[in-house]
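# Examining the three-dimensional arrangement
Below, each chain spelled out in residue letters.
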Amino acid sequence: AIMLNCVSRTRLLVFSLVASLAWAAPKPPTLSIDVKDGSFVDLAGLAPTLSWKRAGIVNGNNVEGGIDISIRDLESLPYTVWGKVARSFSGVDVSVRGDVEADDARSVKFDMQVNNKETSTKFQLLGSGGSSSFTVSKMQVNQGLSLFGGKFTINPRYDAKASVGEVTMTYSQPKTTIKVDAGRDSQKITISRDVLNDYTVTPSVTTK
């Protein structure tokens, strides 16, 4: 019940944040057009998007908010309203972003990130929730540390929807990088080596 209440508060915060920023600092929206699959015989092929966003500081928090409107479908005009709040606590950066889509206005998708620069630790949690449900979709941790004159990074990830976990481990030095990707169905090791300054050799081996 506490988590569902937080989701409802997050959804309300998204709309309130965007409205406050729009009132305080109105700014014209921007139009972006992308050619989809090399075809632009209609609006869907051009994938036009009308976007507006603003940023500011509220009570010591860095806040952003905006709205993205897809105009490829003139009848429905699907849109996404989003808001983000970020703050630093003793060297730890914490941010939460919420997205509310037009076709599911009672639900909010969230992205929570925690970044500890001192320990080179990053944590991310993705999920969604509404008035009666809450779901964590993905989570991951990225940990870096100095080791034997190089940098070692480990990145475990878990997809809750698919119940699949995987991990990536990387060890790098100035001219050599070793990367291991391990999942439930396959494992892959890649070694990159800089030779003759301008050339890189990158062999890899995959097992299933």
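Residues numbered from 1 in each chain as written. Predicted model: local features only at pLDDT ≥ 70, side-chain atom pairs only at ≥ 80, totals over all residues. Heavy atoms only, no water.

Along the protein, the regular secondary structure elements total 2 helices and 14 strands. A buried classification covers 20% of the 208 residues belonging to the protein. Long-range pairs, those at least 24 residues apart, make up 21% of the contacts in the protein between residues at least 6 apart in sequence. Carbon together with sulfur atoms contributes 57% to the accessible area of the protein, which is approximately 14000 Å² in total. (Helix = DSSP H or I, 4+ residues; strand = E, 2+ residues; numbered from the N terminus. Buried < 20%, exposed > 50% of the residue type's maximum accessible area, 1.4 Å probe, protein only. Contact = heavy atoms within 4.5 Å. Areas by Shrake-Rupley, 256 points an atom, 1.4 Å probe, with all protein chains shown as cover.)

Another aspect to go through is the layout of surface pockets. Here the largest pocket defines a volume of roughly 250 Å³. Lining the largest pocket are 18 residues, with Asp93, Ser95, Gln113, Val114 and Asn115 positioned closest to its centre. Put simply, the parts of the chain that give the lining of the largest pocket at least two residues each are strand S4 (79–89), strand S5 (92–101), strand S6 (108–116), strand S7 (121–129) and strand S8 (134–147). Here the lining of the largest pocket takes 4 residues from S4, the largest share from any one element. (1 Å grid on protein atoms, 1.4 Å probe; cavity = no way out; pocket = protein on both sides within 12 Å on 5 of 7 lines; lining within 4 Å. Points joined across faces, edges and corners; volume = space filled by probe spheres on them.)

The next thing to look at is the side chain of Ser95. Within the secondary structure layout, Ser95 lies in strand S5. Taking relative accessible area as the criterion, Ser95 reaches 13% and is therefore assigned buried. With sequence-adjacent residues up to four places away left out, Ser95 is seen in contact with Lys84, Val85, Ala86, Asp111, Met112 and Gln113.

Moving on to the pattern of salt bridges. Opposite charge on two side chains permits pairing when their charged atoms draw close. Counted according to the given criterion, the structure contains 5 salt bridges. Among the ionic pairs, Glu101 bridges to Lys109, the shortest N-O distance being 3.2 Å. (Salt bridge = Lys/Arg side-chain N within 4 Å of Asp/Glu carboxyl O.)

Right, let's get into the pairing of strand S3 (residues 61–70). Across 10 bridges, the pairing between strand S2 (residues 49–58) and S3 is antiparallel. Bridge pairing in S3 links Arg54 to Gly65. Linkage of S2 to S3, two consecutive antiparallel strands, is achieved through a turn of 2 residues, within which Asn59 is found at a positive phi near 55 degrees. Two elements, S3 and S4, share 8 bridges in a ladder whose sense is antiparallel. Each bridged residue has a counterpart across the sheet, and for Asn62 the counterpart in S4 is Ala86. (Pairing = 2+ DSSP bridges.)

Another point: the environment of Thr177. Looking at the element boundaries, Thr177 is found in strand S11 (residues 176–182). Between the alpha carbons of Thr177 and Ser192 there is a distance of 5.1 Å; along the sequence they are 15 residues apart. Setting aside its immediate chain neighbours within four residues, Thr177 contacts Thr170, Tyr171, Ser172, Thr190, Ile191 and Ser192.

Quick look at the environment of Lys117 now. Its location among the elements puts Lys117 in the loop between S6 and S7. Residue Lys117 is classed as exposed on the basis of its relative accessible area of 58%. For the pair Lys117 and Gly91, spaced 26 residues apart in sequence, the C-alpha separation works out to 6.5 Å. Here the side chain of Lys117 touches Asp93 through a polar contact of 3.4 Å, side chain to side chain. (Polar contact = N/O pair within 3.5 Å; in protein donor to acceptor, adjacent residues only side chain to side chain.)

Turning to the confidence of the model for the protein, a few remarks are in order. Parts of the model with low pLDDT should not have their predicted coordinates read in detail. Mean pLDDT over the protein stands at 80; residues scoring 70 or higher make up 75%. A low-confidence stretch, residues 40–44 (pLDDT under 50), is modelled with 9 contacts involving residues beyond four sequence positions or located in other chains. (pLDDT = per-residue confidence, 0-100.)

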